[in-house]
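Notes for the structure review
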Amino acid sequence: MTLQCIKIAAQQANPVLVGIFVILMGLVSQGCERKRSGESFLLECKIGADQGRTISGSWEVRPIPIAFRVTNSSSSNFTPSEMTEVLNAARTWNQFFEVSMGFPIFDIGPSGNPYTTTEPLVPDVCNGATMISGNNFVREMIIEKRTSGWTTAQEDVLAITDFCSPGGIMRFAQLRFNYQFFHNAGQRDPDLESLALHELGHVMGLNHSCQAGQAGEGFPSCGAFPSSHEYIQAVLFPGLNFINGVGQIRRALQDNDMGRANCAYKAES
Ligand SMILES: [Zn+2]
């Protein structure tokens, strides 16, 4: 099982978590509106020589349907505006995929009527679980608004995507946002679209652009690079900054995100 999360503060390392955050004060948004034009998307497979293991896999069946979990507790259901923010992030990935790969990566449902589900998340995404049968999805990629029961040892984790990719083939993914320790009055308030853009990168099989701890084979250490470096600027950088409790905006894909997505999906398309 691979567990991918995004954290906001340096705490003690949890060996289960791939991403530990590095504080980078002064890191501001990147002026990348050109990326939204559709004409300046990075169209080639481009991955750092030290990033060789930062792609876990890819989905053979696409697009990936994404569904918001609905429960009996209304506070644990996404509001329409929250759903819009998540769907905007999915659209950003889709715009890039359409141009570069010729297909969308996410199925976000009919306009104004996103998919919902009452299915719970599974406890173990690699316990024989699969979202695919043949060439069809039999289960959506479920997105949960978790308002209770979040592991307190991970209370500084903004969101977690866990996924299973045996042999580099994505089989299962699910995503939960931490609405227990974030987003509420008196708590830090991350930009949900920025956060979703990052997590959806994990959903498609991308690992972090770099990791906060020691570098490993195929995993560069974030601390080795200046804030201007593409690994630090990437949406898949393992952290978001907060200023006075307000989360950083990072709603545009960066070259390192697009380059790695191309490596994961372009060759086999
Ligand atoms: Zn992450």
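1. Here we look at the overall build of the protein chain
In terms of regular secondary structure, the protein chain is built from 4 helices and 11 strands. Relative to its 269 residues, the protein chain shows a buried fraction of 42%. Here the contacts in the protein chain between residues at least 6 apart in sequence split such that 75% fall between residues at least 24 apart.

2. Things to note about unusual backbone geometry
Here the bond from arginine 62 into proline 63 is cis, since omega is -5°, no more than 30 degrees from zero. The phi angle at histidine 183 is positive, at roughly 80°, despite the residue not being glycine. Structurally, histidine 183 can be placed in the loop between strand E9 (172-178) and helix H2 (192-203). Here the phi dihedral of asparagine 244 falls at roughly 50°; this positive angle occurs in a residue that is not glycine. Within the fold, asparagine 244 resides in the loop between strand E10 (242-243) and strand E11 (246-247).

3. Remarks on the environment of threonine 117
Mapping threonine 117 onto the fold places it in strand E4 (residues 115-117). By the C-beta count within 10 Å, which is 17 here, threonine 117 ends up partly exposed. Spatially, the C-alpha atoms of threonine 117 and alanine 67 are 6.2 Å apart, while their sequence positions differ by 50 residues. With residues near it in sequence (within four places) discarded, threonine 117 still touches Ala67, Arg69, Val70, Glu140 and Ile142.

4. Brief notes about the nonpolar core
One finds Val86, Ala90, Trp93, Phe106, Met141, Leu200 and Val203 to be the most contacted residues of the largest nonpolar core, which totals 59 residues. Among the secondary structure elements, those contributing two or more residues to this core are strand E2 (64-69), helix H1 (80-100), strand E7 (141-146), strand E8 (157-164), E9, H2, helix H3 (230-233) and helix H4 (255-265). Counting residues per element, this core draws most heavily on H1, at 8 residues. Each residue touching valine 203, except ones within four places of it in the same chain, is listed here: Ile64, Met141, Thr161, Phe163, Ala173 and Leu175.

5. Things to note about the packing of H1 against H2
A pair of packed helices can be characterised by two numbers: the angle between their axes and the separation between those axes. At a minimum axis distance of 8 Å, the contact between H1 and H2 shows a crossing angle of 45°. The angle between H1 and H2 falls in the class oblique. Seen from above, H1 lies across H2 with right-handed handedness. Note on element contacts: H2 touches H1 through Leu192, Glu193, Ala196, Leu197 and Leu200, opposite Glu82, Glu85, Val86, Asn88, Ala89, Ala90, Thr92 and Trp93. Looking at the contact of H1 with H2, its residues break down into 8 nonpolar, 2 polar and 3 charged.

6. Describing the pairing of E8
Buried residues dominate E8, accounting for 8 of its 8 residues. Sheet analysis places E8 next to E9, joined by 6 bridges and oriented antiparallel. Bridge pairing in E9 places threonine 161 opposite leucine 175.

7. Topic: H4
Burial runs high along H4: 9 of the 11 residues are buried. For H4, the set of buried residues is Asn256, Asp257, Met258, Gly259, Arg260, Ala261, Asn262, Ala264 and Tyr265. Elements in contact with the buried residues of H4: H1, H2 and H3.

8. Quick word on H2
Between its terminal C-alpha atoms H2 stretches 16 Å, which fits the 16 Å expected from 12 residues at 1.5 Å a residue. Of all the 12 residues making up H2, 12 are buried; the element is thus mostly covered by neighbouring parts of the structure. Residues Leu192, Glu193, Ser194, Leu195, Ala196, Leu197, His198, Glu199, Leu200, Gly201, His202 and Val203 constitute the buried set of H2. Directly beyond the C-terminal end of H2, a positive phi value near 120° is found at glycine 205.

9. Considerations on the environment of serine 58
In this structure, serine 58 sits in the loop between strand E1 (2-7) and E2. Among the residues examined, serine 58 registers 22 C-beta atoms within 10 Å and is labelled buried. Put simply, serine 58 and alanine 261 are 203 residues apart on the chain and 9.0 Å apart in space, counted from C-alpha to C-alpha.

10. Observations regarding the pairing of E9
Within E9, 7 of the 7 residues are buried, which leaves it mostly tucked inside the rest of the structure. Sheet topology places E7 next to E9; 5 bridges connect them, and they run parallel. For lysine 145, the partnering residue across the bridge sits in E9 and is phenylalanine 177.

11. Some words on the confidence of the model for the protein chain
Per-residue confidence for the protein chain averages 88 on the pLDDT scale, and 84% of its residues sit at or above 70. Here residues 9-34 is modelled with pLDDT under 50, and outside its nearest four sequence neighbours on either side it reaches 53 contacts, counting other chains as well.

Reading guide: rules and limits
Residues numbered from 1 in each chain as written. Predicted model: local features only at pLDDT ≥ 70, side-chain atom pairs only at ≥ 80, totals over all residues. Helix = DSSP H or I, 4+ residues; strand = E, 2+ residues; numbered from the N terminus. Buried ≥ 20, exposed ≤ 12 C-beta atoms within 10 Å, placed from the backbone. Contact = placed C-beta atoms within 7 Å. Core = buried A, V, L, I, M, F, W, Y, C linked by C-beta atoms within 7 Å. Axes fitted to C-alpha atoms, helices over the stretch in contact; angles between N-to-C directions. Parallel < 35°, antiparallel > 145°, perpendicular 65-115°, else oblique. Left-handed = near helix turned anticlockwise from the far one by under 90°. Nonpolar A, V, L, I, M, F, W, Y, C, P; charged D, E, K, R; others polar. Pairing = 2+ DSSP bridges. Expected span 1.5 Å × (residues − 1). pLDDT = per-residue confidence, 0-100.

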